[in-house]
Amino acid sequence: VTQTAVDPAYRMLVTTSTGLERSFSVDELRQLPWTVEDLPLACVEGWSSDATWGGVSIIDLAREMGLDEPSEVIVRSLQEGRRFTSSRVNRSQSRSPKSLLALDLGDEPLHIDHGFPVRLIVPNRPGVLQTKWIDRVEITA
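Report follows, based on the coordinates. (Residues numbered from 1 in each chain as written. Predicted model: local features only at pLDDT ≥ 70, side-chain atom pairs only at ≥ 80, totals over all residues. Heavy atoms only, no water.)

1. Re the nonpolar core
Threshold: By nonpolar core is meant a set of buried Ala, Val, Leu, Ile, Met, Phe, Trp, Tyr and Cys residues that side-chain atoms within 4.5 Å join together. With a 1.4 Å probe rolled over the protein chains alone, any residue whose accessible area is under 20% of its type maximum counts as buried; one over 50% counts as exposed, and the rest are partly exposed. Strands here are runs of E lasting at least two residues and helices are runs of H or I lasting at least four, both read from the DSSP assignment and numbered beginning at the N terminus. Every residue pair with non-hydrogen atoms within 4.5 Å of one another is taken to be in contact.
Ranked by size, the top nonpolar core spans 24 residues in total, and within it Met12, Leu61, Leu101, Val137 and Ile139 carry the most contacts. Mapped onto this core, the elements with two or more residues apiece are strand S1 (12-16), helix H2 (26-30), helix H3 (58-64), strand S5 (72-77), strand S7 (100-105) and strand S10 (134-140). Not counting residues up to four positions away in its chain, the partners in contact with Met12 are Arg22, Ser23, Phe24, Leu29, Leu61, Leu101, Val118, Ile134, Asp135, Arg136 and Val137. Counting 8 residues, the second-largest nonpolar core is a separate cluster that includes Leu39, Leu41, Ala102 and Leu110.

Below, the structure written as structure tokens:
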């Protein structure tokens, strides 16, 4: 994961159920409408930590792809062969402006341990469902 995630040629692929496909570099993602949210990260092991996340909301990414209202989003990780390498974001969560494809934690780009270059942050979901190291987003209209 580390080698691919930090590769300057990294691209996050976004596909839609309408047949559109586009890939984004980290710099291109940073040019999209930017959202900052204070959201907790809660672990199933019992700990929780509040954090300020910056990134592109799922709804703004859907709009960038020509979809007004996504009904479901699947986020896939660079990591293979492990549990929790993908996550489904349901209709109400995908339409929330607080559901992010985060690139920053605090005022800094994500660290590789926190999911660099892009990770999912959705309110009211356990940490194991906040997929790290995203390389593909599939949006259903």
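2. Looking at the sheet that holds strand S2 (residues 21-24)
Basically, it comes down to this: Strands were regarded as paired on the criterion that DSSP finds at least two bridges between them. Between N-to-C directions, angles cover 0 to 180 degrees, with each direction set by a line fitted to C-alpha atoms, over the stretch in contact for helices.
Within the open sheet, the 5 strands sit side by side as S2-S1-S10-S5-S6. Their pairing is mixed. Each of the sheet's edge strands pairs with one partner strand only, and the pair in question is S2 and strand S6 (86-89). This sheet shows a mean twist of 15° between the axes of neighbouring strands, independent of strand direction. Sheet topology note: the S5/S10 ladder contains 6 bridges and is antiparallel. Counted as the bridge partner of Ile74 is Glu138 from S10.

3. Examining the environment of Thr15
Summarising the element assignment, Thr15 is placed in strand S1. The sequence separation of Thr15 and Val73 amounts to 58 residues, and the corresponding C-alpha distance is 9.9 Å. Not counting chain neighbours up to four residues away, the residues in contact with Thr15 comprise Leu20, Glu21, Arg136, Val137, Glu138 and Ile139.

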